[in-house]
Structures are given as structure tokens and as C-alpha cells.
Amino acid sequence: MCSRPAVSKTLSVYGTSIFAEMSALALEHEAINLGQGFPDFEGPEFIKAAAVEAIHGGANQYARSQGQPELCAAVVQKVQAQYALSRDPASEVGVYSGATEGLAAGLLGMLEPGDEVVTFEPVYDSYIPLMRLVGAVPRVATLRWPDFRMDLDEVRSLFNDKTRLLLLNTPHNPTGTVFSRQELEQLAELCRTHDVLVLTDEVYEHLTFDGAEHIPMATLPGMAGRVLSLSSTGKTFSMTGWKIGYAHGAADLVAAAQAAHQFLTFATAKPFQLAMAKALAVGPSFYEEFRADYTARRTVLLEGLSAAGLPVCRPQGTYFAMANIGALDFENDRHFAYWLTENLGVTCIPASSFYVKHEEQKLVRFAFCKAVDTLKAAMDRLQPLANLGQL
Ligand code: PMP
Ligand code: GLN
């Protein structure tokens, strides 16, 4: 055995991901898992059939490294139809093993040690460890309870001549914030002024509510050449286990991500790419139904949390909602999340794991990517919290 720890110093501080930790706890206690964001229902049959057909049809060797041509073409058609963005399938689209790998490829491909990256907390779990792996420096602005909107002065103070990249997640996990056109324009102007690149994480692009509109940063005037836009088929087609993510952007940005992707995974599972090429051909009615289904699920969650006495921020997007446990007598969000799993049989995510700068310990995240019956059962289990709050 080697006397030194096997794990690198950089990664040793992060331990196990909070999603894996809470899912294991939910399993142990047979709790309803509203923690890790994955659907408990199946995605469309025609997509599964397309993957089976691709496997039986012999699509079982390496895919084209930058992305199977069928899927790249489907991405081009989708972003043209949806956002009026013209992209070249050969040079302006990349396919990755999930948005997670796309994020890694983008950051490894674009950053040098010492480069600064502006992003927002609460922050998705992989962003900061990936920056640290490259030796880049995170500069983090805080979205604060109860409305989680950005503070422009705070963001502006983070930009300087070392800033290389803005890493922006909208719709935003875990807060549900959808950045408005005005906020995006303010960010875009800062990026142009400081000659900064943008990596956008738009995996929840089709999950917006109450009339909130998802606006890709790449569609703002003068931004198409500066932004690498990432998305994932896992959320939109309820197949998170397939891990098919993709990006589109100017050729030099896609090439930068590709420079890393070729050494990370080289290529992504071919039959699933071919199936997702067919999935992306769905028309607007698919997305309308998707949004309507999630609106109904969101209502069950929001009503249940309110009835249980938990103040909640009504999410404009994503399939998550943040609730405030400040009125309850718990030491912190982790204690609450463990107690809730062990005693009431419902699992959530302690949101302190998403904060790196601001000390926030009174928020928890609930996922509503679950069948309405699952959500109703979970909300029934939460109701004793209403009495706890009055103690
Ligand atoms: N970014 C965000 C904000 C996410 O919430 C997730 C997963 N839920 C990902 C990236 C990763 O997506 P994928 O599963 O396609 O790797
Ligand atoms: N993105 C999912 C979430 O936010 C989790 C994905 C993962 O477990 N890495 O819950």
C-alpha cells in the first residue's frame, strides 16, 4: 500500500457528491426520493425503440468523436427552429456523455491555470471542482433567498482583466431562477467589455413556468460567436441514464471543447445518439405537453410544501424548488434532510452543499420530476411538519 493518499489534494476536499449521498440514504430508509433530480417515470417509447433498432442494426462501434452526424444535424435543426440560430453541423456542434462531460470538456478546453471564471451560487456541484482541476479561479456571485435574483453590482465587481469565462446556468438549478432578458443583456455587456467567453448550461431549457421565457445567451446581439451553449437530452426526454449531452457554438469554441473531449471519452454511446437524433425531431406539441405535465407536478409540490408550513420560492424554471426551514428547530439543513428521510420518509437535498462563499444553512431543495402520485404521497408524509413549526 502507498503511504500517501490515493486521491488528489484537489479532489479530496469534495468527498462524495451530495446527490449520491442522499440517494443512498433514501434507499436505506425506503424514503420517497425528492433529492437527486431524475424522473421516476419512463421517457417516450419511440426513443427506446430507436435505440434498440440502432443496436440491432449494428451501430455498436465508436461514434464520430465530435458527435454522430445524425445527432449533430438534428441539433442544428432544433436550434434553428427554436431559437433562429444557424449552426454548421460539422463544425459548430459537439456531443458529450451528458452535460456533465460537456461542462468538463468546455472548461478543460478553454481555461488556463490562473484564469478567473465568474459564476453564481448556489452552484451546481461539478462546476467548482472542475475549475479547481484546471487551476482556474472561481469568482462567485450569490443569488439570495427569497427571490434569488442577481445583484448586478456584485457581478460587475467580479469582472477584471483575468476573467476568461462566464459560466451561466439558466434556468438555474437549484433556485429555479430564469435569467431575464435584461439580466442577460447586462451580463452580455460585461462579457463584451472584458472580452470574456461564455459557457451556458441550459439543460432545463424546456422547463419554464408562469410565462417565464428561456432566452439563450447566444441569441443576444453580438453574442453568437462568444457562447458555447450546452444542453442535455436527459431532462427533456426523461432519460437521464443515457447521458447524451450536446453543445452548439462558434466553431472555435466547439473545437476547444473537442480538444478535451477527444481525450476524456473520445466518443459518446452511438445507439443512444442515434435514438436522440430521432427524439430531437419532435415538434412544438411535445414541449408544450412536457411543460404542462411539469406544471401539474410543480403545483402538487408547491401546495404540499405550503400546507406543511414551509416557505418556498416558486420556481420559474427547472424541476426543483427551494424551501426555507429557518422556522423549524434544526441545527442546519443537513440535520433536517437526514431527519426528514429517517423520520418522515422523504428525501431532499441540503442546499448548503451548493454554496461556496455565502454561509447558507436553512434551505433545502425538493425535486418534482416525479409522478403526481409519488409527489402526493411525499406531500402527505410532510404534513406533520406543520405541527412541528408551531412548537
Ligand atoms: N447541469 C445542471 C444544472 C444539471 O442540473 C445537470 C443534471 N441534472 C447537469 C448539468 C448534468 O446533466 P447530464 O445528466 O446530462 O450530465
Ligand atoms: N443534476 C441532478 C440534480 O441536480 C443530479 C445529477 C447527478 O447526480 N450528478 O439532482
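See above for the structure.
The notes below deal with the structure included here.

### A few points about the sheet that holds strand β5 (residues 163–169)
Part 1 of the argument: Judged by pairing direction, the sheet is mixed, and its seven strands sit side by side in the order β2-β8-β7-β6-β5-β3-β4 without closing on themselves. Whereas interior strands pair on both sides, the edge strands pair on one side only; in this sheet they are β2 (93–97) and β4 (137–142). Sheet twist, expressed as the mean angle between neighbouring strand axes with direction ignored, is 20°.
Part 2 of the argument: Alignment of strand β7 (residues 227–232) against strand β8 (residues 244–249), held across five bridges, turns out to be antiparallel. Its bridge partner lying in β8, Ser232 is registered against Gly245.

### As for the packing of helix α4 (residues 69–83) against helix α11 (residues 270–279)
Part 1 of the argument: Remark: α4 packs on α11, axes separated minimally by 8 Å, with the N-to-C direction vectors making an angle of 30°. Compared by their axis directions, α4 and α11 come out roughly parallel. The crossing of α4 and α11 is left-handed. Here Glu70, Leu71 and Ala74 of α4 lie close against α11, whose contacting residues are Gln273, Leu274, Met276 and Ala277.
Part 2 of the argument: Of the residues belonging to the contact of α4 with α11, the class tally is five nonpolar, one polar and one charged.

### Observations regarding the site of ligand 1
Part 1 of the argument: Gly98, Ala99, Thr100, Tyr124, Asn169, Asn173, Asp201, Val203, Tyr204, Ser232, Lys235 and Lys243 make up every residue found near ligand 1.
Part 2 of the argument: In this structure, a nitrogen atom belonging to ligand 1 sits 2.5 Å away from a side-chain N or O atom of Asp201.
Part 3 of the argument: Lys243 is positioned with one of its side-chain polar atoms (N or O) 2.7 Å from an oxygen atom of ligand 1.
Part 4 of the argument: Bound to the protein, ligand 1 loses 94% of the 400 Å² it would expose on its own.
Part 5 of the argument: Its residues assigned to classes, the shell around ligand 1 shows four nonpolar, five polar and three charged.

### Section: the pattern of salt bridges
Part 1 of the argument: Scanning all chains against the criterion turns up twelve salt bridges.
Part 2 of the argument: For Glu21, the salt bridge identified is with Arg334, shortest N-O distance 2.5 Å. On the criterion of sequence distance, the pair formed by Glu21 in helix α2 (residues 18–28) and Arg334 in helix α13 (residues 333–344) is long-range, its members being 313 residues apart.
Part 3 of the argument: Measuring nitrogen to oxygen at the nearest pair gives 3.0 Å for the salt bridge that ties Arg226 to Asp195. Here Arg226, found in the loop between β6 (197–201) and β7, pairs with Asp195, found in the loop between α8 (181–193) and β6; they are 31 residues apart in sequence, far enough to count as distant.
Part 4 of the argument: We classify Arg226 as buried; its relative accessible area is 16%.
Part 5 of the argument: Of the residues examined, Asp195 reaches a relative accessible area of 58% and is grouped as exposed.
Part 6 of the argument: Taken together, the shared-partner salt bridges connect Glu42, Glu45 and Lys48 into one network.

### Notes on α13
Part 1 of the argument: Taking 1.5 Å per residue as the helical rise, α13 with its twelve residues ought to reach 16 Å, and the 15 Å between its terminal C-alpha atoms agrees with that figure.
Part 2 of the argument: Taken together, the buried positions of α13 are Asp333, Phe336, Ala337, Leu340, Thr341 and Leu344. When α13 is viewed along its axis, its buried side chains cluster within an angular range of 130° and face the same direction.
Part 3 of the argument: In this structure Asn332 caps α13, since a side-chain oxygen of it lies 3.0 Å from the backbone nitrogen of Arg334.
Part 4 of the argument: Downstream of α13 by one or two residues, Gly345 has phi in the positive range, about 75°.

### Topic: the side chain of Asn173
Part 1 of the argument: Residue position: Asn173 is located in the loop between β5 and α8.
Part 2 of the argument: With relative accessibility at 3%, the residue Asn173 sits in the buried group.
Part 3 of the argument: A polar side-chain atom of Asn173 sits 2.8 Å from a polar atom in the side chain of Arg365.
Part 4 of the argument: Once you skip the residues sitting within four places of it in the chain, Asn173 turns out to touch Pro122, Tyr124, Tyr204, Thr318, Phe320 and Arg365.

### Some points on the sheet that holds strand β10 (residues 320–324)
Part 1 of the argument: On the basis of which strands lie adjacent, the open sheet formed by four strands has the order β9-β10-β13-β12 and antiparallel pairing. The open sheet has two edge strands with one neighbour each: β9 (312–313) and β12 (349–350).
Part 2 of the argument: In this sheet, β10 lies alongside β9 in antiparallel orientation, the contact comprising two bridges. Looking at β10, one finds that Val312 is bridged to Ala323.
Part 3 of the argument: Contacts from α13 reach β12 and β13 (363–367) within the one sheet, and its direction differs from that of β13 by about 40°.

Here is what the cut-offs are and how they apply
- Counting of residues starts from 1 at the beginning of each chain's written sequence and follows it residue by residue.
- Labels follow written order: the first chain is A, the first ligand is 1, and so on.
- The model is predicted, so local features are restricted to residues of pLDDT at least 70 and side-chain atom pairs to those at 80 or more, both for listing and for counting; the totals for chains, interfaces and linings are taken over all residues.
- Side-chain calculation: all heavy atoms of the structure are included, whereas hydrogens and water are not.
- Only when DSSP finds a minimum of two bridges between them are two strands counted as paired.
- Only DSSP runs of H or I with at least four residues qualify as helices, and only runs of E with at least two residues qualify as strands; both kinds are numbered from the N terminus onward.
- The angle between two axes is taken between their N-to-C directions and runs from 0 to 180 degrees, where each axis is a line fitted to C-alpha atoms and a helix contributes only its stretch in contact.
- Angles are sorted into four bins: roughly parallel if under 35 degrees, roughly antiparallel if over 145, roughly perpendicular if 65 to 115, and oblique for all others.
- In this scheme the crossing of two helices becomes right-handed for a clockwise turn of the near helix relative to the far one and left-handed for an anticlockwise turn of less than a right angle.
- Note on contacts: a residue pair qualifies if any of its non-hydrogen atoms lie within 4.5 Å across the two residues.
- Classification convention: Asp, Glu, Lys, Arg as charged; Ala, Val, Leu, Ile, Met, Phe, Trp, Tyr, Cys, Pro as nonpolar; all other residues, Gly among them, as polar.
- Proximity criterion: a residue is near a molecule or strand once any of its heavy atoms comes within 4 Å of it.
- Between N or O atoms, a polar contact is any pair within 3.5 Å; within protein, one atom must be a potential hydrogen donor and the other a potential acceptor, and residues adjacent in sequence are included only when both atoms are from side chains.
- All accessibility values rest on the Shrake-Rupley procedure with a 1.4 Å probe; residue burial counts only the protein chains present in the view.
- Every case where a carboxyl oxygen of Asp or Glu lies within 4 Å of a side-chain nitrogen of Lys or Arg is listed as a salt bridge.
- Relative accessibility under 20% of the residue-type maximum defines a buried residue, over 50% an exposed one, and the middle range a partly exposed one, all with a 1.4 Å probe and only protein chains included.
- To estimate the expected span of a helix, subtract one from its residue number and multiply by 1.5 Å.
- Each direction from the helix axis to a C-beta atom contributes to the arc, which is the arc of those directions.

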